[in-house]
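# Fold and geometry: a report
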Amino acid sequence: IQRSYNKRQKLAQYNTIDDAAKLLRTSHNIMVITGAGISTSLGIPDFRSKGTGFYERIRTLGYEDGEDVFNIDNFDDKPNIFYSLAGDILPDQKRFSPTHAFLRLLQDKDRLQTNYTQNIDNLEGLAGIDKERLIQCHGSFATASCRKCRHKVPGEEIFDDIRAKRVARCRRCTQTIAKQPKKKQKAFKLRKNDWEDSSDDGGEYDVPEAGVMKPDITFFGEQLPDNFFQRFTERDAKNVDLVVVIGTSLKVAPVSEMPNYLPHHVPQIFISREPIQHVNFDIQLIGDCDHVVFELCRRAGWSLKHEMIPPHF
Ligand code: CNA
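The present account deals with the structure reproduced in this document.

Cut-offs and rules
- Residues numbered from 1 in each chain as written.
- Predicted model: local features only at pLDDT ≥ 70, side-chain atom pairs only at ≥ 80, totals over all residues.
- Heavy atoms only, no water.
- Phe/Tyr/Trp six-rings, centres within 6.5 Å; stacked < 30°, edge-to-face > 60°.
- Helix = DSSP H or I, 4+ residues; strand = E, 2+ residues; numbered from the N terminus.
- Buried < 20%, exposed > 50% of the residue type's maximum accessible area, 1.4 Å probe, protein only.
- Near = heavy atom within 4 Å.
- Polar contact = N/O pair within 3.5 Å; in protein donor to acceptor, adjacent residues only side chain to side chain.
- Areas by Shrake-Rupley, 256 points an atom, 1.4 Å probe, with all protein chains shown as cover.
- Nonpolar A, V, L, I, M, F, W, Y, C, P; charged D, E, K, R; others polar.

Attention shifts here to the packing of aromatic side chains. Each aromatic ring pair is summarised here by two numbers: the centre-to-centre distance and the angle between the ring planes. Tallied over the entire structure, the rule returns 16 aromatic pairs. Centroid distance phenylalanine 141 to phenylalanine 159: 6.4 Å. Interplanar angle 75 degrees. Geometry classified as edge-to-face. A residue pair is termed long-range when its members are at least 10 positions apart, and phenylalanine 141 in strand β4 (residues 139-146) and phenylalanine 159 in helix α8 (residues 159-163) qualify at 18 residues. Pair check on accessibility: phenylalanine 141 and phenylalanine 159 agree, each one buried. Members of the aromatic cluster, connected to one another through ring pairs, are Phe47, Phe54, Tyr55, Phe70, Phe75, Phe82, Tyr83 and Phe219.

Here it is as structure tokens:
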């Protein structure tokens, strides 16, 4: 995108929840940026909420910084730490939240241009959001790859290991290693360690280890998927007419920077439990997002249906 980063100014004409409902009704290319807060009503912890967030739990287990668990160098160094904790955020949900239903409603009304989700729980797919309208900015548990040979498998293949808090190893590496004659295994080990002498001295060597499998979620220090940058710069930044940000602390770049990179005349709405200061949203609707989106729909004259919304509402 050509424009340089510049903190946008609030647009004076939009202030109230009724303004927000009117914007929903009148906009046709809506960009929705979502975070962990849209899944907490299903019992999936977010990262940073006080008392319930995953990072606080990690601290009670003695780790200083929650982000360390999702650092790629730390993962390569000690994958067992990630595997001992990841079970808590593993998606085993068979249902989605009213806020996911709201996204689906926007899609059904052909108003959802793109949902940029930071979530890795794949619940957007369960709610029926089209792949073409969904960017999983931080990847997902849907697939996993070997850190050594890059072999990719469906994510479910390593779920048992994650639940058992056991480091998942690559089956392809394991098979390749098993097929090699013992001498070759030794040579592989020697080369790997840059030893000069590869002569057979009859000594004992460890067989090389199979690579560690990592869910294809984006760790700190890893690149975001290409389609994130492409879709944002080549399409959405040029023609969205409303931005709605839901259930995120907006602390993780580059997603946190998206609102300030968009044309400043495009109205922006923020929905979350805690207000934020580092982006000048036009309207901040502070509260439980399931309640807020329900109320927004009511005021827009739309009916949001979901099993968690009491029928008399
Ligand atoms: P975060 O930093 O934990 O922020 C979540 C925000 O949502 C907080 O500000 C909360 O106050 C707010 N919130 C929580 N529950 C609700 C609710 N019911 N209604 C309204 N607001 C609520 O998480 P972010 O998404 O901002 O951070 C990005 C990380 C979180 C991504 O890399 C994700 O992969 C990661 N994450 C994802 C999941 C998931 O996929 N469900 C779970 C935990 C973490």
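Neighbouring residues of the ligand: 26 residues in total, closest Phe47, Arg48, His138, Thr248 and Ser249. Interatomic distance of 2.8 Å between a backbone N/O atom of isoleucine 120 and an oxygen atom of the ligand. In the environment of the ligand, a nitrogen atom lies 2.9 Å from a nitrogen or oxygen atom belonging to the backbone of cysteine 289. When the ligand is considered free in solution it has 860 Å² of accessible area, and contact with the protein chains removes 97% of it. Looking at side-chain class alone, the shell around the ligand contains 7 nonpolar, 13 polar and 6 charged residues.

In short, the description is geometric, and any link to function would need to be established separately.
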